[in-house]
Amino acid sequence: MINTFLNLEWKSFFRSASFGKSLGLKIFMAFIALYFIVIFLGLGVSGYFVLTEEFPDKNPLLIANNYLFYWILGDLVVRFFFQKLPVMSVKPLLTLPIKRRKIVNFVLGKSVFSFFNFLPLFTIIPFGIILIVKGGFAAVSVISWMFALFLVTLIVNFLNFIIESITSENELSALPIIAISGGLFALDYFNIVSLSNGFGYGFTAIFENPVFIVVPILVLVGLYLVNFKMLRQKLFLDNGLKNKIEEVVVSNLDWTNNFGDIAPFLQLDLKLIWRNKRTKSSVWMLLLGLLYGLFFYTNDTYLDMPSFYIFIGVFSTGSFLMNFGQFIPAWDASYYKLLMSQNIKYEQYLKSKFTLMAASVVILFVLGIPYVYFGWKILLVHFVAAIYNIGVNTHVMIYGGSFNRKKIDLDKKAAFNYQGTGAMQWLIGIPLLVVPMVLFALISYFTSFEMACAVLAALGVIGIVFHKKIMEAITTKYLNAKYTMIHAFEQDN
Amino acid sequence: MIKTSNLSKKYSGNQVLNIESLEIPKGQSFGLVGNNGAGKTTYFSLLLDLIQPTTGFIINNEVQVNASEAWKPFTSSFIDESFLIGYLTPEEYFYFIGELRGQNRADVNALLLQFKDFFHDEILGKRKYLRDLSKGNQKKVGIVAALIGHPEVIILDEPFANLDPTTQIRLKGIIKNLAETKGVTVLISSHDLLHVTDVCERIVVLEKGVIVKDLETNAATLKELEAHFSEIVLV
């Protein structure tokens, strides 16, 4: 049975139309994974020595235990944003002679093999071995401690799915986890309830008496059962697999008529964004993008590095641009045939996307004006970044869209799919961010800050001036790719 | 109105359509029948320039469809659900199509009024998104949307499938009316021989991409088609 499931997964991966593209992305992800493995390995290998050096008179294991609370909390938050329950299309399987139990066990079992569960091992294992070899700790105790940590990793794994499935129905799905983990952190930080000590005691107890390992095992089994129950319930057509019927929210978009011939598309795009879960969640990401600068500007080291201003500027004024833009025209994939056989001009269609993105940049820039608190230079750079975004990055995004071959399923059909627009997509924004940053850094290094601003702004202005010409070229590109796009968007995977 | 010459479509050496010549005059109601894989949808997709012909071309009202887009203003179609926009309400969808075809809201409303019966009070004013409608109701929306903006050529793929009996009968009335009184060229495909002989003046039978019969509909046509399809032996 498991073999059959694995076989299905294998085929869906290799036979999908976007295979070539997602392979490239996967290779890139492999590099990122390698990077994290190295970091975690470094932590594991050096951990013991750093701790004995910093606190020569203390037991390194006890100190490590006291930090475990933060480790677990961080793990949970990171997973919430990056790890999704493996997706599997279960509907065709329901009428076949397969026990529901098996389907659920398979999906849950598959999640255990997530990269997130292996990553901590790269720290835990070397750290434990050094504890035994160098520190002379009892092998049995250390091994049961290591095992307990791995169990906790799995506990976090399953806890995360429970949290995700509860909050996914909600629009602001990230709010509860941020509030709760922030609250727990605050409780601990201000010594109201010392959770880190509590966790520390727990792990020390397991170290001293391996019998206590029963506790995490029981918790793990409990969480698995909760997950099992929740998923099993969703395996009925009238329950989890059925799409919910929503009441329509009608909004008056007549003001878009001021935009002339692109108005119908603009209205369509606005409805697209507001009425689909995938797109709607990206609107909330804007807030995050806007506030991103606070991480940097409150830190004096970054305040002295103007090339970071341009990074923040492009990022915070362009967060919608990147979120929305990279899936042009895949957003419209499910009705692409309609658009292609209707009485429309490609140019208007693309212009509507451009207008939307350009408007978002202006709005985000205006909302970001309070950053002037950190200095006039920052506002100036943000302004330059906004011009650059409108003149260069929007065009790059629309141009890039002509290579888009992967359909976006707006009505989330796959069961178990809690996927909004994931954080993965930020990766594609990297070239959009890195190019202006490098350019800025180079010019300001060799000439001056003002010169760097001028050059980037000039690039943006050139893009705006030649907007018509550029769009014409891009439109031809889209027209040439028409048949392949229609074909690719018909594929479900 | 529609001239097809030397049209063929191959997928990796496999011929799925080969029509040497086919002419459909203006105002004709034209039916395409054939078993699965006969090439009906392929032909319609070529007609809408959704796929590229391997050889040959189609001329729609003096416009070669794969060379110019000038056929779009007078041609409308409903092939399958992928012609619907799931996150719009039926009204919004009609208005959107209307705007693309140069019709204001009042024009669209006037047209919709004529289809009150057809909608059977299940479409308009229901505050539901298209994605949440049943397959049959989605189809009704798609078909009516294809009638917006006085098109001269209307292409409907399998319009009778998924519809309830009452609606099928009403749809037959609508299609007949279009061809007879308004001079619209209507192309439909169907697996239902009875419906297609009821509605179409002319019926073409496709088999493995080739035209095997081209009939003027008369009283004997249904019998002839039934005889034809029961004789086909799969090789």
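Basis of the calculations
Residues numbered from 1 in each chain as written. Chains lettered and ligands numbered in written order. Predicted model: local features only at pLDDT ≥ 70, side-chain atom pairs only at ≥ 80, totals over all residues. Heavy atoms only, no water. Helix = DSSP H or I, 4+ residues; strand = E, 2+ residues; numbered from the N terminus. Buried < 20%, exposed > 50% of the residue type's maximum accessible area, 1.4 Å probe, protein only. Contact = heavy atoms within 4.5 Å. Areas by Shrake-Rupley, 256 points an atom, 1.4 Å probe, with all protein chains shown as cover. Pairing = 2+ DSSP bridges. Axes fitted to C-alpha atoms, helices over the stretch in contact; angles between N-to-C directions. Core = buried A, V, L, I, M, F, W, Y, C linked by side-chain atoms within 4.5 Å. Parallel < 35°, antiparallel > 145°, perpendicular 65-115°, else oblique. Left-handed = near helix turned anticlockwise from the far one by under 90°. Lys, Arg positive; Asp, Glu negative; His and termini not counted. Salt bridge = Lys/Arg side-chain N within 4 Å of Asp/Glu carboxyl O. Buried area = accessible area lost by both parts, 1.4 Å probe. Polar contact = N/O pair within 3.5 Å; in protein donor to acceptor, adjacent residues only side chain to side chain. Nonpolar A, V, L, I, M, F, W, Y, C, P; charged D, E, K, R; others polar. Patch = residues over 30% accessible without salt bridge, like charges linked within 9 Å, V, L, I, M, F, W, Y side chains within 5 Å. Charge placed at Lys NZ, Arg CZ, Asp CG, Glu CD. Phe/Tyr/Trp six-rings, centres within 6.5 Å; stacked < 30°, edge-to-face > 60°. Lys NZ or Arg CZ within 6 Å of the ring centre and 35° of its normal.

Engineer: Would you mind going over the overall build of chain A with me for this structure?
Structural biologist: The helix and strand inventory of chain A stands at 24 helices and 0 strands. The 493 residues of chain A split such that 46% are buried. Here the contacts in chain A between residues at least 6 apart in sequence split such that 82% fall between residues at least 24 apart. A total of about 24,800 Å² of accessible surface is found on chain A, and carbon and sulfur atoms cover 70% of it.

Engineer: Would you mind going over the sheet that holds strand S9 (residues 202-207) of chain B with me for this structure?
Structural biologist: Hydrogen bonding along the main chain pairs the strands of a sheet, whether they run parallel or antiparallel. All names here are of chain B. The mixed open sheet is built from 6 strands, whose spatial order is S6-S7-S8-S3-S9-S10. The sheet is open, and its two edges are formed by strand S6 (75-78) and strand S10 (210-216), each paired on a single side. The mean inter-strand angle of the sheet, taken between neighbouring strand axes irrespective of direction, is 15°. As judged from the 5 bridges shared by strand S3 (residues 29-33) and strand S8 (residues 185-190), these two strands associate in the parallel manner. For Phe 30, the partnering residue across the bridge sits in S8 and is Leu 187. Together, S6 and strand S7 (153-157) form the strand contacts of helix H5 (residues 135-145), whose direction differs from that of S6 by roughly 175°. The strands that helix H8 (residues 221-231) touches are S3, S9 and S10; relative to S10, the one it contacts most, it runs at about 160°.

Engineer: Even after reading the chapter, I still don't get the environment of Lys 353 of chain A, so can you show me in this structure?
Structural biologist: Residue and element names in this part refer to chain A. You can see Lys 353 is positioned in helix H19 (residues 346-367). Look at Lys 353 and you get buried, because its relative accessible area is 1%. Expressed as a C-alpha distance, the spacing of Lys 353 and Thr 394, which sit 41 residues apart in the sequence, is 9.1 Å. If near-sequence neighbours (up to four positions away) are discounted, Lys 353 is found in contact with Asp 269, Phe 324, Ile 328 and Asp 332.

Engineer: What is the right way to look at the nonpolar core in this model?
Structural biologist: One recurring pattern in soluble globular proteins: nonpolar side chains tend to sit buried together. Counting 148 residues, the largest nonpolar core has Tyr 43, Tyr 93 and Leu 187 of chain B as the members making the most contacts within it. Element by element, the count of residues in this core is highest for helix H20 (residues 376-401) of chain A, at 11 residues. Beyond its immediate chain neighbours, meaning those up to four positions away, Tyr 93 of chain B contacts Leu 338 of chain A together with Phe 83, Leu 84, Ile 85, Leu 88, Leu 130, Val 141 and Ala 145 of chain B. Counting residues in hydrophobic clusters, the runner-up holds 46 residues, among them Leu 61, Ile 72, Ile 98 and Phe 228 of chain A.

Engineer: Teacher, can you tell me more about the packing of helix H16 (residues 306-317) of chain A against H20 of chain A here?
Structural biologist: In helix packing, the relevant descriptors are the interaxial angle and the interaxial distance, both defined with respect to the helix axes. All names here are of chain A. Contact pair H16 / H20: the axes reach a minimum separation of 8 Å and the direction vectors enclose 55°. Judged by the angle between their axes, H16 and H20 are oblique. Both H16 and H20 take part in a crossing whose hand is right-handed. Here Tyr 309, Ile 310, Ile 312, Gly 313, Val 314, Ser 316 and Thr 317 of H16 lie close against H20, whose contacting residues are Lys 377, Ile 378, Val 381, His 382, Val 384, Ala 385, Ala 386, Asn 389 and Asn 393.

Engineer: Sorry, what's going on with the side chain of Lys 40 of chain B here?
Structural biologist: Residue and element names in this part refer to chain B. Looking at where Lys 40 falls in the secondary structure, it is placed in helix H1 (residues 40-47). Buried Lys 40, no salt bridge; nearest opposite-charge side chain is Glu 158, N-O distance 4.5 Å. Beyond its immediate sequence surroundings of up to four residues, Lys 40 is in contact with Leu 32, Val 33, Gly 34, Asn 35, Glu 158, Ser 189, His 191 and Leu 206.

Engineer: Can you walk me through the interface of chain A and chain B in this structure?
Structural biologist: Quoted interface sizes are often the accessible area lost when the parts come together. Contact residues are listed per partner, giving 32 residues for chain A and 31 residues for chain B. Between chain A and chain B, a total of about 3,200 Å² is buried, with carbon and sulfur atoms accounting for 53% of that surface. Counting every contact that joins chain A to chain B gives 4 salt bridges. The shortest N-O distance in the salt bridge between Arg 275 of chain A and Glu 92 of chain B comes to 2.6 Å. The tally of links from chain A across to chain B stands at 10 residue pairs in polar contact (both at pLDDT 80 or more).

Engineer: Teacher, can you tell me more about the packing of helix H2 (residues 90-100) of chain B against helix H3 (residues 105-114) of chain B here?
Structural biologist: Residues and elements named next belong to chain B. At their nearest, the axes of H2 and H3 sit 9 Å apart, and the two run at 120° to each other. By the criterion of interaxial angle, the relationship of H2 to H3 is oblique. Classified by chirality, the crossing of H3 by H2 is right-handed. Touching Phe 94, Tyr 95 and Gly 98 of H2 are Arg 105, Val 108, Asn 109 and Leu 112, all from H3. Residue composition of the contact of H2 with H3, grouped by class: 4 nonpolar, 2 polar and 1 charged.

Engineer: What's the story with unusual backbone geometry in this structure? I'm lost.
Structural biologist: Across residues other than glycine, the phi torsion is negative in most instances, and most of the peptide bonds are trans. The omega torsion across Ile 328 of chain A and Pro 329 of chain A is -5°, close enough to zero to call that bond cis. Inspection of the secondary structure puts Pro 329 of chain A in the loop between helix H17 (319-325) and helix H18 (336-341). Notably, Asn 6 of chain B is not glycine yet its phi reads approximately 50°, a positive angle. Along the chain, the position of Asn 6 of chain B falls in strand S1 (residues 2-11). Positive phi, normally seen in glycine, also occurs at Glu 62 of chain B, with a value near 70°.

Engineer: Please clarify how a positive patch on the surface should be interpreted in this entry.
Structural biologist: All names here are of chain A. A surface patch of like charges, here positive, comprises Lys 99, Arg 101, Lys 102 and Arg 232. Within the element layout of this structure, Arg 101 appears in helix H5 (residues 100-112). When its relative accessible area of 43% is taken as the criterion, Arg 101 is described as partly exposed.

Engineer: How should the packing of aromatic side chains be read in this particular structure?
Structural biologist: Aromatic rings considered in pairs are described by the distance between their centres and by the relative angle of their planes. Applying the stated criterion to the full structure yields 44 aromatic pairs over all chains. A centroid spacing of 5.3 Å and a plane angle of 80° characterise the contact between Phe 158 of chain A and Tyr 224 of chain A, whose relative ring orientation is edge-to-face. Of this pair, Phe 158 of chain A sits in helix H8 (residues 139-167) while Tyr 224 of chain A sits in helix H11 (residues 214-234); the two residues are 66 residues apart in sequence, bridging distant segments of the chain. According to the relative accessible area criterion, Phe 158 of chain A is buried, its value standing at 3%. Judged by its relative accessible area of 24%, Tyr 224 of chain A is partly exposed. Taken together, a centroid distance of 6.4 Å and an interplanar angle of 80° make the contact between Phe 78 of chain B and Phe 83 of chain B edge-to-face. Both residues of the pair, Phe 78 of chain B and Phe 83 of chain B, belong to the buried class. Connected via pairs of aromatic rings, a cluster forms that spans Tyr 67, Phe 69, Tyr 70, Phe 185, Tyr 189, Phe 190 and Phe 199 of chain A. It is Lys 377 of chain A that lies over the ring of Phe 449 of chain A; its NZ or CZ is 4.4 Å from the centre.

Engineer: Teacher, can you tell me more about the sheet that holds strand S5 (residues 63-64) of chain B here?
Structural biologist: Ordered in space as S2-S1-S4-S5 (chain B), the 4 strands form an open sheet in which the pairing is antiparallel. Each having just a single partner strand, strand S2 (14-24) and S5 of chain B make up the two edges of the open sheet.

Engineer: So what exactly am I meant to see when it comes to the environment of Gly 293 of chain A here?
Structural biologist: Residues and elements named next belong to chain A. Among the structural elements, Gly 293 can be located in helix H14 (residues 293-297). Counting along the chain gives 76 residues from Gly 293 to Ile 369, while the straight-line C-alpha distance between them is 12 Å. With residues near it in sequence (within four places) discarded, Gly 293 still touches Ile 312 and Tyr 371.

Engineer: Would you mind showing me how to read the pattern of salt bridges here?
Structural biologist: When charged atoms on two side chains of opposite charge get close, those side chains can pair. Inspection of every chain in the model, using the stated rule, returns 14 salt bridges over all chains. Measuring nitrogen to oxygen at the nearest pair gives 3.0 Å for the salt bridge that ties Asp 80 of chain B to Lys 337 of chain A. Separated into two different chains, Asp 80 of chain B in the loop between S6 and H2 and Lys 337 of chain A in helix H18 make up a pair that spans both. Residues Lys 140 of chain B and Glu 122 of chain B are paired through a salt bridge, measuring 3.8 Å at the closest nitrogen-oxygen approach. Separated by 18 residues along the polypeptide, Lys 140 of chain B in helix H5 and Glu 122 of chain B in the loop between helix H4 (116-119) and H5 bring together distant segments of the chain. Note on Lys 140 of chain B: relative accessible area 1%, which makes it buried.

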